[in-house]
Amino acid sequence: MFDSLSDKLDSALHVLKGHGQITEVNVAETLKEVRRALVDADVNYKIAKEFTNTVKEKALGQNVLTALKPGQLMVKLVKDELTQLMGGDAEGIDLSGNPSVILMSGLQGSGKTTFSGKLANYLKTKKSKNPLLVACDVYRPAAINQLHVVGEQIGVEVFSDEGNQDPVAISKAAIAHAKQNGNNVVIIDTAGRLAIDEAMMTEIANIHRAIEPNETLFVVDSMTGQDAVNTAKAFNERLNFDGVILTKLDGDTRGGAAISIKSVVDKPIKFIGTGEKMDAIDVFYPSRMADRILG
Ligand code: GDP
C-alpha cells in the first residue's frame, strides 16, 4: 500500500533523520521534496502546498532548529499533519436507528456491492447485528444476482424485487420487511454508472430523500486518484453524504485519494477495502494510515 509514496517520503526525510546539524535550508529542501512526493502520489498540488506550508509554520513556531532532536521533531510534525489531513480521529457509523438504514452510493465498479457485503459481514460478526442487504440496481439483473451470491456467502438475507423498476419503492419495502423480521440494520446497494450522469444522480438523490438514511456512504476506488476526488465532490454536492469508503487499497494505489479526499469534501473516510474477500475490510484510522505511509 502506497509503496512509492512511502519510499519517496522516506528519502525526503532521510536527511533530517540522519543529520545532526539542521539548517533552514535543508528544512526547506526537505519540505519541497515532501511536496513533490505528495504530488507524485496524485495529491492535488494546492493541498500538497498547503500541507508543507503548515508543517513549515509549525516547525518555525516550535523552534525546530534549536530543538534537541530537530530531525525527529520534523518527522513528527509531518506525521501529525498527515493524520490531520486524513481526518484526525476515526469516525464510526450511525447504528442508532431501528433499523439503522445505510445507503451505499458510488460509480459502477467502485466496489459498492462487494463493500455492502463486507459491511454486512462486519456488522454481523463484530457488532452482533442482524443486517438485511437490499438490491436496488434495477437495471442490471447481474448486480442483483451478485448481491445474492455475496449474501449467501456470509449468511445474510438479501431483499430484492426483480421486475420492480422503482428503487424508492424497493427501499421502502425492504425497510418495512426489516421491521417485521427483526433486521436492525438495512444496507441498500444502489445502481451505479460508469461515469457520473444526471439520471443516476437524480435516482440516488430521490432514494436519499425518501428514506432519510442514518448513514449515506460514498464508495470510491482508490486506484482512480484525482478522479476519485472529483467523483466524491460531485456525489457530495447531491447527497451531502456522511462518509467515504475507499476500496482497493490492496492494489498498487498511489495514495492521493486517501490523502486528499477529506480536505476536499470535508467528510471522513470511514472504512477501507483491502481485497476481494468478505473479511477484507478495515476501519480507517488516520493516524495508523499516516504511520504506514511514513514507514
Ligand atoms: P460495484 O459495481 O460498485 O458494485 O463494484 P463491485 O463490488 O462489483 O466490484 C468491482 C470489482 O472490484 C470486483 O471484481 C470486486 O471483486 C473488486 N473489488 C471490490 N473491492 C475490492 C478491494 O477492496 N480490493 C480489490 N482488490 N478488489 C476489490
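All values derive from a computational prediction rather than experimental measurement.

Definitions and limits used
Residues numbered from 1 in each chain as written. Predicted model: local features only at pLDDT ≥ 70, side-chain atom pairs only at ≥ 80, totals over all residues. Heavy atoms only, no water. Helix = DSSP H or I, 4+ residues; strand = E, 2+ residues; numbered from the N terminus. Buried < 20%, exposed > 50% of the residue type's maximum accessible area, 1.4 Å probe, protein only. Areas by Shrake-Rupley, 256 points an atom, 1.4 Å probe, with all protein chains shown as cover. Lys, Arg positive; Asp, Glu negative; His and termini not counted. Charge placed at Lys NZ, Arg CZ, Asp CG, Glu CD. 1 Å grid on protein atoms, 1.4 Å probe; cavity = no way out; pocket = protein on both sides within 12 Å on 5 of 7 lines; lining within 4 Å. Points joined across faces, edges and corners; volume = space filled by probe spheres on them. Nonpolar A, V, L, I, M, F, W, Y, C, P; charged D, E, K, R; others polar. UniProt positions renumbered as here; feature names shortened; annotations may be inferred. Contact = heavy atoms within 4.5 Å. Expected span 1.5 Å × (residues − 1). Salt bridge = Lys/Arg side-chain N within 4 Å of Asp/Glu carboxyl O. pLDDT = per-residue confidence, 0-100. Near = heavy atom within 4 Å. Polar contact = N/O pair within 3.5 Å; in protein donor to acceptor, adjacent residues only side chain to side chain. Sits in = over half its atoms within 2 Å of the grid points.

**Q** I tried to follow the overall build of the chain on my own but got confused; where do I start?
**A** The helix and strand tally for the chain stands at 11 helices and eight strands. Considered along the principal axes of its C-alpha atoms, the chain spans approximately 70 × 40 × 30 Å. The burial tally for the chain puts 53% of its 295 residues in the buried class. By element, 46% of the accessible surface of the chain is carried by carbon and sulfur atoms, the whole surface being about 13,500 Å². The averaged location of the 38 negative side-chain charges in the chain is 4 Å from the averaged location of its 33 positive side-chain charges.

**Q** What exactly am I supposed to notice about the layout of surface pockets here?
**A** Here the idea is plain: a probe the size of a water molecule rolls over the atoms and shows the empty space left. The computed volume of the largest pocket comes to approximately 170 Å³. Taken together, S110, G111, T114, F115, K118, T247, K248, D250, G273, T274, G275 and E276 form the lining of the largest pocket. Sorting elements by how many residues they give to the lining of the largest pocket places helix 5 (residues 112-126) first, with three residues. By residue class, the composition of the lining of the largest pocket is one nonpolar, seven polar and four charged.

**Q** I would appreciate a short explanation of the UniProt feature "domain: SRP54-type proteins GTP-binding" (unreviewed entry) in the chain in the present structure.
**A** The feature "domain: SRP54-type proteins GTP-binding" (unreviewed entry), as annotated in UniProt, sits at residues 268-281 in this numbering. Helix and strand shares over residues 268-281 are 0% and 43% respectively, and the end C-alpha atoms of the span are 16 Å apart.

**Q** I'm lost on the side chain of T30 in this one. Help?
**A** Secondary-structure assignment places T30 in helix 2 (residues 24-40). Once residues lying within four places of it in the same chain are set aside, the contact partners of T30 are A12, L13 and L16.

**Q** Any chance you could explain helix 5 here in plain terms?
**A** Because an α-helix packs 3.6 residues into every turn, residues spaced three or four apart end up facing the same way. Taking 1.5 Å of rise per residue, the 15 residues of helix 5 would be expected to cover 21 Å, and the 20 Å separating its terminal C-alpha atoms lies within 8% of that figure. Counting buried positions along helix 5 gives 11 out of 15 residues, so the element sits mostly inside the fold. Taken residue by residue, helix 5 has K112, T113, F115, S116, G117, K118, L119, A120, N121, Y122 and L123 as its buried positions. The first or second residue beyond helix 5 is S128, which carries a positive phi of 50 degrees.

**Q** I tried to follow the pattern of salt bridges on my own but got confused; where do I start?
**A** A pair can form between side chains of opposite charge whenever their charged atoms are brought close. Applying the stated criterion to the full structure yields 12 salt bridges. Residues D80 and K76 are paired through a salt bridge, measuring 2.6 Å at the closest nitrogen-oxygen approach. Within this pair, D80 and its partner K76 are both found in helix 4 (residues 70-85), separated by four residues, close to a single helical turn. Under the relative-accessibility criterion, D80 is labelled partly exposed at 32%.

**Q** Which parts of the structure should I look at to understand the confidence of the model for the chain?
**A** Close inspection of predicted coordinates is inappropriate in any region flagged by low pLDDT. In the predicted model, the chain carries a mean pLDDT of 91, and the fraction of residues at 70 or more is 99%. Interface predicted TM-score (ipTM) for the complex: 0.99; the corresponding pTM is 0.94.

**Q** Which parts of the structure should I look at to understand the site of the ligand?
**A** Taken together, 16 residues surround the ligand, and among them G109, T113, T114, D250 and E276 come closest. Backbone polar atom of K112 to an oxygen atom of the ligand: 2.8 Å apart, as the coordinates give it. Side-chain polar atom of T113 to an oxygen atom of the ligand: 2.7 Å apart, as the coordinates give it. Considering the ligand on its own, with 580 Å² of exposed area, one finds that the protein chains cover 79% of that surface. Cavity membership is defined here by more than half of the atoms lying within 2 Å of grid points; on that basis the ligand lies in the largest pocket. For the shell around the ligand, the element with the highest residue contribution is helix 5, accounting for four residues. Taken together, the residues of the shell around the ligand break down into one nonpolar, 10 polar and five charged.

**Q** Help me understand the environment of S100, please; the structure alone is not making it clear to me.
**A** Note that S100 resides in strand 1 (residues 100-106). For the pair S100 and V186, spaced 86 residues apart in sequence, the C-alpha separation works out to 6.1 Å. In contact with S100, other than residues within four places in its own chain, are D94, L95, N184, V185, V186 and N214. A polar contact is formed between the side chain of S100 and the backbone oxygen of D94, at a distance of 2.9 Å.

**Q** Is there a simple way to explain the side chain of K112 in this structure?
**A** Its place among the elements puts K112 in helix 5. Despite its burial, K112 remains without a salt bridge, the nearest opposite charge being carried by D189 at 4.2 Å. When residues no more than four places from it in sequence are discounted, the contact partners of K112 are M104, S105, G106, L107, D189, T190, A191, G192 and V219.

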